[in-house]
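# An overview of the molecular structure
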Amino acid sequence: MITANQEPLFWRSNKEWYRINREKDCFELTDKAPERARKSFEMYKEMQKKH
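Attention in this report is confined to the structure presented alongside it.

## Topic: the side chain of Thr-30
- Tracing the backbone through its elements, the reader meets Thr-30 in the loop between β2 (26-29) and α1 (35-50).
- Separated by 2.5 Å, the side chain of Thr-30 and the backbone oxygen of Glu-16 make a polar contact.
- Not counting residues up to four positions away in its chain, the partners in contact with Thr-30 are Glu-16, Trp-17, Tyr-18, Arg-19 and Arg-38.

## Focus: unusual backbone geometry
- Positive phi values are uncommon outside glycine, yet Asp-25 reaches one of about 55°.
- Within the secondary structure layout, Asp-25 lies in the loop between β1 (18-21) and β2.
- The class of Asp-25 is exposed, set by a relative accessible area of 69%.

## Considering the pattern of salt bridges
- If you walk through the whole model with that rule in mind, you get 5 salt bridges.
- Residues Glu-28 and Arg-19 are paired through a salt bridge, measuring 3.3 Å at the closest nitrogen-oxygen approach.
- Taking the shortest distance from any N to any O, the salt bridge between Glu-42 and Lys-45 comes out at 3.2 Å. Here Lys-45 and Glu-42 lie together in helix α1, a separation of 3 residues that amounts to about one turn.

## Section: the environment of Trp-17
- Inspection of the secondary structure puts Trp-17 in the segment before β1.
- Taking the relative accessible area as the measure of exposure, Trp-17 reaches 13% and is therefore buried.
- Residues Trp-17 and Arg-38, spaced 21 residues apart in sequence, show a C-alpha to C-alpha distance of 9.1 Å.

About the criteria used
Residues numbered from 1 in each chain as written. Predicted model: local features only at pLDDT ≥ 70, side-chain atom pairs only at ≥ 80, totals over all residues. Heavy atoms only, no water. Helix = DSSP H or I, 4+ residues; strand = E, 2+ residues; numbered from the N terminus. Polar contact = N/O pair within 3.5 Å; in protein donor to acceptor, adjacent residues only side chain to side chain. Contact = heavy atoms within 4.5 Å. Buried < 20%, exposed > 50% of the residue type's maximum accessible area, 1.4 Å probe, protein only. Salt bridge = Lys/Arg side-chain N within 4 Å of Asp/Glu carboxyl O.

The following block contains the structure:
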């Protein structure tokens, strides 16, 4: 079970959902990522802006 503070990292729970873009030094979602993973990734990006 994923808690509220783990939800922003849900997208990383399946390696088929994301890749590392080494040129841009960032993560990117793949077409295999489900809707929940996409929402989770948006939460993650918002949290990164605050740091």
